[in-house]
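# Structure at a glance
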Amino acid sequence: MKKHLLSMLLALTMVWSMTFTAFAADTKPPMWQQLGYSSQQEFCEEYVYLRADYNWQADDAQALTVTEYQKLADYFAEELYFVQKGGDFWSDWGFNSRAEYEDAMGETSEADVAWSLAQQRWTDQLSAEEHARKCKAMGLRCGAVNVQLNGKAIAYQGAQPGYANEAIYAPVRATAQAMGAVIDYAAKGQTITIRKDGRTLSFPIGGQTMTDETDGTSRVVQLAAAVYEKDGTAYIPVRAFAQALGYDVYWDANYETAVIIDRAALIGQLNQDFATLGRVLSAQKPMSADKTYRTMTALSGSWTAFDTLDGNKTYPVDASISIVNHGINYNAELKMNLSGLFSLLSQQKEVLEMDEQTIDMMEKSAAALGDLQVQMIFNYDEDTLYVRSPQLVSLLMSMKDQLPMPNGVSALSQSAWYRFNKIGFKDLFGSEELVNNLLESPVSSVGEALYMGASHGMIEPDIDFYARTLQQADELRAVLGDSCFTKENGVSVLTIDSAKLNDQKGDAGVRELLSGIDAQSFAFGLRVTEQGKVTGTVQMQQTLDDGKVLHTTGSFTIEDRQATMDLTVHAKNQGEFKLKLTSRVTEETQAVTFAPPANALVIDIDTLL
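These lines cover the structure that appears in this document, whether it is placed above or below. (Residues numbered from 1 in each chain as written. Predicted model: local features only at pLDDT ≥ 70, side-chain atom pairs only at ≥ 80, totals over all residues. Heavy atoms only, no water.)

### Section: the pairing of strand E25 (residues 562–571)
- Sheet topology note: the strand E24 (residues 549–559)/E25 ladder contains 10 bridges and is antiparallel. Bridge pairing in E25 links Thr-557 to Thr-564.
- Here E25 runs beside strand E26 (residues 575–587); their pairing, made up of 10 bridges, is antiparallel. For Ala-571, the partnering residue across the bridge sits in E26 and is Gly-575.
- Here E25 hands over to E26 after 3 residues, with Asn-573 in that stretch at a positive phi of 65°. (Pairing = 2+ DSSP bridges. Helix = DSSP H or I, 4+ residues; strand = E, 2+ residues; numbered from the N terminus.)

So this is what it looks like as structure tokens:
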């Protein structure tokens, strides 16, 4: 009986202690109260950050809700308390102490620091919520490895993908079946065999090799990590497996997802309704990685200022660039005559309100750059750029007392070549094999162009890659798809005019793409022959905010390895700008050089900075 009573007393004690703890947690004063304010509203009214957000959310339906606003205010109060009590906020920003932070950032109030911390917490929370929402919408597991095939997550049952041996693994059977492959498992030899589209892959469990048999040819491929078995499920490195079956594989680190794309199938979808533009791309002749080519581009322009009293004045500008390439290595020479531009600026110095220093710099620039020449050598293997321009060096030396210059500017030489190291060619162009393949097998369809732009563009391929690329094709199709063209004597003709610009009932994709054209009248014409030759014209009239009226006319031609463009912009009662551009690619006998001549003076730019 005594033991029973003792047990009851202990249980009551535990319940009481838990109740007291919960009560204490629920009644802990909010942070704004600990900071000495009688209400959250009083606290918010004290700080301009929160006042601004409160007013903003009251006036803007897309801004913070009351609940969100109160949460942000709580974050700010908590961070302000943290900073005021000497909390370490600087280490997350890369500083070793508060003093080091203040030396670098200047004097910053504790409230400013707290507001930055609160905003970061708020942004992180929104990012986490968006991340979770997107994972759910796309069938992905948050905080775990996923595999996506052509824009859809593979729904694994039981065994799941994961990390192992510094690689991404996935259950082989479920992955292969999602790809439409047939899988066999020979228990005796512990070998997995996968068949798809005439290709047979064999993987021994525990091995780091893969046998690939295609069209009667067999080869052994070394894997970066071994195939393994766990709890009756075989796991295989995703990248090697998918690439062996002809898929492209990307990695979305944000969502921990291996993104697998059937490139050929996607390009087939992207190409739909683009036969006309496809003719243009397929008409471009391939180049050879073993040959040398010269691309010659010339530009001539002029501005004619109307003057009814003293006569019109014309200011010309001419430029040309010659690029000689062999594979991925380039030599280039740029020539420009900018004397007309500087003469125009000199005529406008009072209108532009130039001070004496600016005028002096302009006059020095005119003297040095009136006949500018720049030579360049791109060396892919060394990731190096060599530049030589006596005129630019002369200009820099003449301005060393007027502009902030590196100490090494005094060591400049007009006759020298300047070497820039590690400039990122390989990151920009990709592998030499990729560039050579593009030269010998250029993009021959719109689908290929869209796919290449998406996979090598500014946005790394991610879980949205598949859907985003299809959307880009839809938007382009709305303006330049086959259904937008008509036939005239065997020529495909496209016309976009003011009526189409103002057609609010038309296709939403068309309106979005053309929304940036703000003109009273507009006409664009495009003609594509069966051989892929393209000619185009444009006419447009605009009225600017200051009342000036611009009338633009232009034409262009693209055929095989050459292109021309003419453009005229007439500013009513002001002047006229004309521009002509020609470009042509021809085979070249001159060899590409990979460095300046052996006897040339070469200065490493790093020694000057």
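### Some details on unusual backbone geometry
- One non-glycine residue, Asp-197, lies in positive phi territory at about 50°.
- Looking at the element boundaries, Asp-197 is found in the loop between strand E6 (191–196) and strand E7 (199–204).
- Note on Asp-197: relative accessible area 69%, which makes it exposed.
- A positive phi angle, close to 65°, is found at Asn-573, a residue other than glycine.
- In this structure, Asn-573 sits in the loop between E25 and E26. (Buried < 20%, exposed > 50% of the residue type's maximum accessible area, 1.4 Å probe, protein only.)

### Observations concerning the sheet that holds strand E2 (residues 152–153)
- As summarised here, the arrangement of the 4 strands in space is E2-E1-E13-E12, forming an open sheet in which the pairing is mixed. On the outer flanks of this sheet lie E2 and strand E12 (248–252), each paired with one strand and no other.
- Note that strand E1 (residues 146–149) and E2 share 2 bridges and pair antiparallel. Counted as the bridge partner of Gln-148 is Ala-153 from E2.

### Here we look at the nonpolar core
- One finds Val-147, Met-179, Ile-192, Ile-194, Phe-203, Phe-241 and Ile-260 to be the most contacted residues of the largest nonpolar core, which totals 32 residues.
- Tallying contributions element by element places helix H9 (residues 238–244) first for this core, with 4 residues. (Core = buried A, V, L, I, M, F, W, Y, C linked by side-chain atoms within 4.5 Å.)

### What to know about the pairing of E26
- Alignment of strand E14 (residues 292–305) against E26, held across 13 bridges, turns out to be antiparallel. Its bridge partner lying in E26, Thr-297 is registered against Ser-583.

### Side note on the packing of helix H17 (residues 446–455) against helix H18 (residues 465–480)
- The contact between H17 and H18 brings their axes to 10 Å, and the two run at 135°. As the angle between them shows, H17 and H18 are arranged oblique. Two packed elements cross with a definite hand, and for H17 against H18 that hand is right-handed. Note on element contacts: H18 touches H17 through Phe-465, Thr-469, Gln-472, Ala-473 and Leu-476, opposite Val-446, Leu-450, Tyr-451, Ala-454 and Ser-455.
- Taken together, the residues of the contact of H17 with H18 break down into 7 nonpolar, 3 polar and no charged. (Axes fitted to C-alpha atoms, helices over the stretch in contact; angles between N-to-C directions. Parallel < 35°, antiparallel > 145°, perpendicular 65-115°, else oblique. Left-handed = near helix turned anticlockwise from the far one by under 90°. Contact = heavy atoms within 4.5 Å. Nonpolar A, V, L, I, M, F, W, Y, C, P; charged D, E, K, R; others polar.)

### Quick look at the pattern of salt bridges
- Per the stated rule, a full pass over the model turns up 25 salt bridges.
- Arg-263 is the salt-bridge partner of Asp-248, the closest N and O atoms lying 3.6 Å from each other. Of this pair, Asp-248 sits in strand E12 while Arg-263 sits in helix H10 (residues 263–270), and the two are 15 residues apart along the sequence.
- Using a relative accessible area of 29% as the deciding quantity, one classes Arg-263 as partly exposed.
- Residues Lys-285 and Asp-560 are paired through a salt bridge, measuring 3.5 Å at the closest nitrogen-oxygen approach. Of this pair, Lys-285 sits in the loop between helix H11 (275–282) and E14 while Asp-560 is found in the loop between E24 and E25, placing the two residues 275 residues apart along the sequence.
- Ionic contacts of the salt-bridge type, sharing partners, join the residues Glu-78, Glu-79 and Arg-121 into one network. (Salt bridge = Lys/Arg side-chain N within 4 Å of Asp/Glu carboxyl O.)

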